[in-house]
Amino acid sequence: MAWPLPALLTWVLAWALFLLLQSLHAPPVVAMGVPVLLGAGLAVLGATPWRRVFIGSGFPLSLAASGLAAAVPAWAWLLPLVLLALLYPLNTWRDAPLFPTPTGALQGLPAAVRLPPGALIVDAGCGLGAGLIELHRAYPLARVEGLEWSWPLRALCALRCRFARVRRADIWAADWRGYDMVYLFQRPESMQRAADKAAAELKAGAWMVSLEFEVPTLKPQAVLPVGERKVWVYQAPFRKR
Ligand SMILES: C[S@@+](CC[C@H](N)C(=O)[O-])C[C@H]1O[C@@H](n2cnc3c(N)ncnc32)[C@H](O)[C@@H]1O
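Not measured: the values here are computed from a predicted model.

Peer 1: Would you mind showing me how to read the environment of Ile-55 here?
Peer 2: As for its placement among the helices and strands, Ile-55 is situated in helix 3 (residues 49-66). Spatially, the C-alpha atoms of Ile-55 and Pro-4 are 9.0 Å apart, while their sequence positions differ by 51 residues. Apart from the residues lying within four places of it in its own chain, the contact partners of Ile-55 are Trp-3, Pro-6, Ala-7, Thr-10, Trp-11, Gly-39, Leu-42, Ala-43, Leu-45 and Gly-46.

As structure tokens, this is what we get:
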């Protein structure tokens with residue numbers, strides 16, 4: 001969705017919900033709190049930290065400016081920020097915002113990388129589980145794990161992906177040694193760090209697979225086209241360019 005459409009839509013939705021709840025004589029905390037929660041939840045649509053702040057804070061700020069919320073205590077204005085921080089703890093802002101792996105993005109992977117039944121795959125930074133679903137589709141006989149720093153995302157992902165083991169963890173602090181494949185959909189800036197960690201921890205023959213972002217210093221084993229994107233496939237021990 002082109003920016004600023006996600007912000008405008010969220011604000012309109014939040015206001016419509018507020019007016020509806022008011023017309024139903026909901027208590028003020030509910031009438032204001034529910035649209036604030038909606039805004040904080042939809043903040044995941046923002047591609048950058050600032051966009052998420054704009055999306056999440058639009059309704060509460062415009063409500064404050066409108067004077068309709070005079071009864072709300074001052075501390076309550078911190079609520080959306082707290083919710084945003086819960087959804088996106090600060091250290092994940094440096095890494096990658098929530099962009100899901102598109103459906104079908106990994107369908108070419110099994111032809112390039114054969115994994116034995118029971119192989120252990122991790123989606124490092126699994127978000128809401130779109131990557132886990134694609135990995136499970138590509139390797140139905142593999143064991144699939146997800147690591148996610150944001151606890152609400154982890155909880156939602158675990159609900160959505162019952163086939164996977166989903167843990168709240170920092171991908172950089174986690175131990176990658178047991179995995180046969182580490183899947184990443186992070187950021188260009190994170191890729192060298194990921195490659196260094198994978199080189200230090202992955203056993204020979206294990207794979208690092210990155211959607212969209214390559215490691216410029218490494219020679220990929222395969223590069224799979226996915227629409228306008230690419231899937232970069234590296235096998236340990238990595239080959240330097
Ligand atoms: C671009 S999204 C990809 C989501 C998922 N892998 C997919 O492809 O559908 C990146 C995810 O990584 C998470 N993340 C970023 N840094 C992290 C870290 N250090 N530890 C754990 N998760 C992290 C973010 O919260 C976000 O959910």
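Structure shown, so let's carry the discussion forward.
Peer 1: Whenever I open this one, the sheet that holds strand 8 (residues 229-235) confuses me. Can you help?
Peer 2: In a beta sheet, neighbouring strands pair by backbone hydrogen bonds and run either parallel or antiparallel. Taken together, the 7 strands give an open sheet; going across it, the order is 3-2-1-4-5-8-7, and neighbouring strands pair in mixed fashion. With one partner strand each, in any of the chains shown, strand 3 (165-168) and strand 7 (222-226) form the two edges of the open sheet. Averaged over all neighbouring strand pairs, the angle between strand axes comes to 20 degrees, with direction disregarded. Two elements, strand 7 and strand 8, share 5 bridges in a ladder whose sense is antiparallel. Along strand 8, the bridge assignment pairs Leu-224 with Val-231. Against the sheet, helix 8 (residues 151-160) makes contact with strand 2 (143-148) and strand 3, and its axis sits at roughly 170 degrees relative to strand 3, the strand it touches most.

Peer 1: What am I meant to see in the nonpolar core here?
Peer 2: General note: in soluble globular proteins, nonpolar side chains tend to be found buried as a group. Core analysis: the largest hydrophobic core is formed by 47 residues, its most contacted members being Leu-109, Tyr-139, Trp-176, Met-181, Leu-202, Met-208 and Val-231. When residues of this core are traced back to their parent elements, those giving at least two are strand 1 (120-124), helix 7 (130-138), strand 4 (181-184), helix 9 (191-201), strand 5 (207-211), strand 7 and strand 8.

Peer 1: Help me out: how do you make sense of the packing of aromatic side chains in this one?
Peer 2: Remark: the centre distance and the inter-plane angle together describe each pair of aromatic rings, the angle taken between the planes. Tallying each qualifying case throughout the model produces 6 aromatic pairs. Here the aromatic rings of Trp-15 and Phe-18 are separated by 5.5 Å at their centres, their planes lie at 90 degrees, and the arrangement is edge-to-face. Within this pair, Trp-15 and its partner Phe-18 are both found in helix 1 (residues 5-23), separated by 3 residues, close to a single helical turn. For Phe-18, a relative accessible area of 0% gives the class buried. These aromatic residues form a ring-pair network of at least three members: Trp-15, Phe-18 and Phe-59. Arg-168 extends its terminal NZ or CZ atom over the ring of Trp-149, reaching a point 4.2 Å from the ring centre.

Reading the values: the criteria
- Residues numbered from 1 in each chain as written.
- Predicted model: local features only at pLDDT ≥ 70, side-chain atom pairs only at ≥ 80, totals over all residues.
- Heavy atoms only, no water.
- Helix = DSSP H or I, 4+ residues; strand = E, 2+ residues; numbered from the N terminus.
- Contact = heavy atoms within 4.5 Å.
- Pairing = 2+ DSSP bridges.
- Axes fitted to C-alpha atoms, helices over the stretch in contact; angles between N-to-C directions.
- Core = buried A, V, L, I, M, F, W, Y, C linked by side-chain atoms within 4.5 Å.
- Buried < 20%, exposed > 50% of the residue type's maximum accessible area, 1.4 Å probe, protein only.
- Phe/Tyr/Trp six-rings, centres within 6.5 Å; stacked < 30°, edge-to-face > 60°.
- Lys NZ or Arg CZ within 6 Å of the ring centre and 35° of its normal.

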